[in-house]
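# Fold and geometry: a report
Listed below are the residues making up each chain.
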Amino acid sequence: MLYSIVSEDIDNSTERRMSVRPAHLERLQALADAGRLIVAGPNPLDPAGGMDAGFSGSIVIADFESLDAAQAWAEADPYVAAGVYANVSVKAFKKVF
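Owing to the predicted nature of the structure, the values given are computational and were not obtained by experimental measurement.

Bringing the nonpolar core into the picture now. Core analysis: the largest hydrophobic core is formed by eleven residues, namely Tyr3, Ile5, Leu28, Leu31, Val60, Ala62, Phe64, Ala70, Trp73, Ala74 and Val90. Here this core gets three residues from one element, more than from any other, and that element is helix 2 (residues 67–75). Every residue in contact with Tyr3, bar those within four places of it in the chain, is listed here: Val60, Ile61, Ala62, Phe64, Ser66, Leu67, Ala70, Val90, Lys91, Ala92 and Phe93.

Within this structure, the stated rule accounts for two salt bridges. Of the charged contacts, one joins Arg17 and Asp9 as a salt bridge, the two residues approaching to 2.7 Å between their closest N and O atoms. Neither residue differs from the other here; Arg17 and Asp9 are each classed as buried. Among the ionic pairs, Arg27 bridges to Asp77, the shortest N-O distance being 3.9 Å. Here Arg27, found in helix 1 (residues 14–33), pairs with Asp77, found in the loop between helix 2 and helix 3 (78–81); they are 50 residues apart in sequence, far enough to count as distant. Here Arg27 and Asp77 have matching classes, each one buried.

Criteria and thresholds
Residues numbered from 1 in each chain as written. Predicted model: local features only at pLDDT ≥ 70, side-chain atom pairs only at ≥ 80, totals over all residues. Heavy atoms only, no water. Core = buried A, V, L, I, M, F, W, Y, C linked by side-chain atoms within 4.5 Å. Buried < 20%, exposed > 50% of the residue type's maximum accessible area, 1.4 Å probe, protein only. Helix = DSSP H or I, 4+ residues; strand = E, 2+ residues; numbered from the N terminus. Contact = heavy atoms within 4.5 Å. Salt bridge = Lys/Arg side-chain N within 4 Å of Asp/Glu carboxyl O.

What follows is the structure in structure tokens.
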């Protein structure tokens, strides 16, 4: 089943994000390689999509065997360990289009 993982950054998270970004991307690539990743990306603070202003959070939509598995995956994110996220919400997701 698909799950959405919506994360909200702490203020001024960019330095922390960049310090663990390679490990974060490696985990996403593993989901993609397994054919389980639908979409993933950050929410830039700049409405034009520029990355220099920093980020307000991230969204991941991926296939997991259960809500518990999705929550465990989200909790193990390097961004969580580095204190990038102030809040992480995991919910079932139904793709319509």
